[in-house]
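Remarks on the overall topology
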Amino acid sequence: MSIGVSIAMPKRAICGTLPSNKVTIRFYPILFAQNCLTGWIHKPAYAHNGLSFPSSIKSDPLPKPMIPQANNQSTTMTGTSITEMAPAKVNLYLRICGRRDDGYHLLDSAVIFTAFGDQISLTPAATDSLTITGSFATALTNIADNPIVTRPMANSPAAPNLCMQALTAFRDAGGVMPPVAITLDKRIPVGAGLGGGSADAAAMLRALNAHADKSVTPETLHALATRLGADVPACLRAHALRMTGIGDQISSLSASMSLSPAPDAHAFMVLANPLIPLATKDVFAHLHSDGQGSAGDIDTLDISGLVGLGNDLEATACTLVPEIASLLSLLRQQHGCQIAAMSGSGASCFALFDSQPASQQACVALRKSGIWAEATHSL
Ligand SMILES: C[C@](O)(CO)[C@H](O)COP(=O)(O)OP(=O)(O)OC[C@H]1O[C@@H](n2ccc(N)nc2=O)[C@H](O)[C@@H]1O
Ligand SMILES: Nc1ncnc2c1ncn2[C@@H]1O[C@H](COP(=O)(O)OP(=O)(O)OP(=O)(O)O)[C@@H](O)[C@H]1O
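Fair warning: this is a prediction, and the values are worked out from it, not measured in the lab.

What the protein contains, in helices and strands, is 10 helices and 13 strands. Out of the 379 residues in the protein, the part that is buried amounts to 51%. A sequence separation of at least 24 residues applies to 73% of the contacts in the protein between residues at least 6 apart. With the model as given, the accessible surface of the protein reaches about 16,100 Å², and the carbon-plus-sulfur share is 54%.

Set out below in structure tokens:
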């Protein structure tokens, strides 16, 4: 198989302005002859809007799109494209509970997802391709030459993007999807503890299973997600969850738990990152404590209480990237900040705010200090 790669990168902006790049990767030849362009177009159009994606007969109760949008669905369709949000993940707390024989660590963590995230869109095409746009496109393609990445990632960017891995895995598991042009709008910093890659893989799986010629069962989809990454099953659901096991055992957070300041309200927060990538693998490899173990019964805790349970990866991450400790202290100084902590394996941190204006002001202040920041809210 030959692989064609075409890359177009406008000159990068430096200092405070993130680079806006567009990278296209095409895969030749068509691997799935039965799914040729003609086959795609002559399938019945999608009922709602004439979309030329194939309509599939879905007998399984598939996971529903999770991300509310204007039409209250995660998947939106514009012309012939399907668009799916890939929300960023925030670990409110993260406890290490042990280690498996294969080296993976057992966790106990509560995660929420934010309105801020990446976006993928799928368009029928003659061949599979991946185009990456957005602030962090370069971080996924040319790490050595990237001004926003100052330390090399342990995980080589030569590995296929998780969007393509998800597409391949979906087809390998029996899902039938004709060739597709994928556009990934990469807004979540890479290697940042916000589950960006996992969110993209999960968004792909959701979109593929909702629109494929032949979908897979929810069980198969969950198994695929687990194989793509420890965080992918949680990202597949993209709502407030407690994760145990290596992250693959997930349950909804108790309905009695007050995750929002008021019914139907969102928790306002700021996500911040010093733009120093920190590979998850490296943090686990350098872990210098056994962790606090399970958080036990968390049903009576509100969102701040959950954050107060702590992140067992934080001390190690701060040793590897001391800028995390400075960032946490800066977040805590912001007006209206209730509590701040590190997400996942870092280096991203987050802070909860008592109002949306306070979160927006803090975001502006952090950006003025040259820190990547986003004011957002929980889904
Ligand atoms: C730490 C979390 O961010 C919490 O949400 C996630 O569990 C990480 O999930 P992820 O990025 O999908 O992680 P993976 O890509 O599966 O794992 C990267 C590496 O981190 C280590 N790893 C990851 C998850 C886990 N439960 N134990 C581990 O020891 C392993 O060395 C693994 O090779
Ligand atoms: N679509 C993608 N988005 C981000 N990273 C990707 C993607 N595809 C592959 N990767 C690779 O995955 C690695 C981890 O990226 P990611 O941004 O998911 O880390 P993370 O935010 O630390 O994840 P987590 O919070 O789950 O630990 C990087 O080395 C990156 O090169």
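Having seen the model, we can carry on.
Among the 22 residues in the neighbourhood of ligand 2, the closest are listed as G191, G197, D200, D231 and T280. One of the backbone N or O atoms of L162 is found 2.9 Å from a nitrogen atom in ligand 2. Contact between ligand 2 and G191: an oxygen atom at 2.8 Å from a main-chain N or O atom of the residue. Relative to its unbound accessible surface of 610 Å², ligand 2 loses 89% to contact with the protein. It is helix α3 (residues 196–211) that contributes the most residues to the shell around ligand 2, 4 residues altogether. By residue class, the composition of the shell around ligand 2 is 8 nonpolar, 10 polar and 4 charged.

Now for the nonpolar core. Within the largest apolar cluster, 40 residues are counted, with the highest numbers of intra-cluster contacts made by L167, F170, I182, M204 and L205. In terms of nonpolar packing, the next biggest core, distinct from the first, is built from 31 residues, L107, V270, L287 and A340 among them.

Here we take up the site of ligand 1. Around ligand 1 there are 17 residues in total, and K89, N91, H105, A230 and D231 lie nearest to it. At 2.8 Å from an oxygen atom of ligand 1 is found a side-chain nitrogen or oxygen belonging to H105. Side-chain polar atom of D231 to an oxygen atom of ligand 1: 2.8 Å apart, as the coordinates give it. Coverage of ligand 1 by the protein chains reaches 82% of its 640 Å² of free accessible surface. At the level of secondary structure, the elements contributing two or more residues to the shell around ligand 1 comprise β4 (81–99), β5 (105–124) and α6 (280–285).

Applying the stated criterion to the full structure yields 9 salt bridges. Among the ionic contacts, a cluster of salt bridges with common partners joins D118, K186 and D200.

Next up on the list: the confidence of the model for the protein. Per-chain confidence: the protein averages 78 in pLDDT, with 71% of residues scoring 70 or above. Segment residues 23–73 is flagged for pLDDT under 50; beyond a separation of four residues in sequence, or across chains, it makes 130 contacts in the model. Low pLDDT, under 50, characterises residues 143–157; the stretch is placed with 29 contacts to residues that sit more than four places away or in other chains.

Turning our attention to the packing of aromatic side chains. Counted by the stated rule, this structure contains 2 aromatic pairs. Consider the rings of F116 and W372, whose centres lie 5.7 Å apart with planes at 55 degrees: the pair is tilted. Placement of the pair is F116 in strand β5 and W372 in strand β13 (residues 372–377), with a sequence separation of 256 residues. For F116, a relative accessible area of 10% translates into the label buried.

Turning to the sheet that holds β13, a few remarks are in order. Strand order across the open sheet formed by 4 strands is β11-β12-β10-β13, with antiparallel pairing between neighbours. Each edge of the open sheet is held by one strand with a lone partner, namely β11 (337–342) and β13. When the angles between neighbouring strand axes are averaged without regard to direction, this sheet yields 20 degrees. Sitting on the sheet, helix α9 (residues 323–333) is in contact with β10 (268–273), β11 and β12 (349–353), with an inclination near 170 degrees to β11.

Moving on, we get to the pairing of strand β7 (residues 180–185). Judged from the 6 bridges that link them, β5 and β7 form a sheet pairing that is antiparallel. When the bridges of β7 are listed, P124 appears paired with V180. Note: strand β6 (residues 129–133) against β7, 5 bridges, orientation parallel. For S129, the partnering residue across the bridge sits in β7 and is A181.

Right, let's get into the packing of helix α2 (residues 162–172) against helix α4 (residues 218–228). Taken N-terminus to C-terminus, the directions of α2 and α4 make an angle of 140 degrees; their axes are 10 Å apart at the nearest point. In terms of orientation, α2 and α4 fall into the oblique class. Viewed along their axes, α2 and α4 form a crossing whose handedness is right-handed. Seen from α2, the contacting residues are L162, Q165, A166, A169 and F170; seen from α4, they are L221, L224 and L228. Split by residue class, the contact of α2 with α4 holds 7 nonpolar, 1 polar and no charged.

Rules behind the numbers
- Residues numbered from 1 in each chain as written.
- Chains lettered and ligands numbered in written order.
- Predicted model: local features only at pLDDT ≥ 70, side-chain atom pairs only at ≥ 80, totals over all residues.
- Heavy atoms only, no water.
- Helix = DSSP H or I, 4+ residues; strand = E, 2+ residues; numbered from the N terminus.
- Buried < 20%, exposed > 50% of the residue type's maximum accessible area, 1.4 Å probe, protein only.
- Contact = heavy atoms within 4.5 Å.
- Areas by Shrake-Rupley, 256 points an atom, 1.4 Å probe, with all protein chains shown as cover.
- Near = heavy atom within 4 Å.
- Polar contact = N/O pair within 3.5 Å; in protein donor to acceptor, adjacent residues only side chain to side chain.
- Nonpolar A, V, L, I, M, F, W, Y, C, P; charged D, E, K, R; others polar.
- Core = buried A, V, L, I, M, F, W, Y, C linked by side-chain atoms within 4.5 Å.
- Salt bridge = Lys/Arg side-chain N within 4 Å of Asp/Glu carboxyl O.
- pLDDT = per-residue confidence, 0-100.
- Phe/Tyr/Trp six-rings, centres within 6.5 Å; stacked < 30°, edge-to-face > 60°.
- Pairing = 2+ DSSP bridges.
- Axes fitted to C-alpha atoms, helices over the stretch in contact; angles between N-to-C directions.
- Parallel < 35°, antiparallel > 145°, perpendicular 65-115°, else oblique.
- Left-handed = near helix turned anticlockwise from the far one by under 90°.

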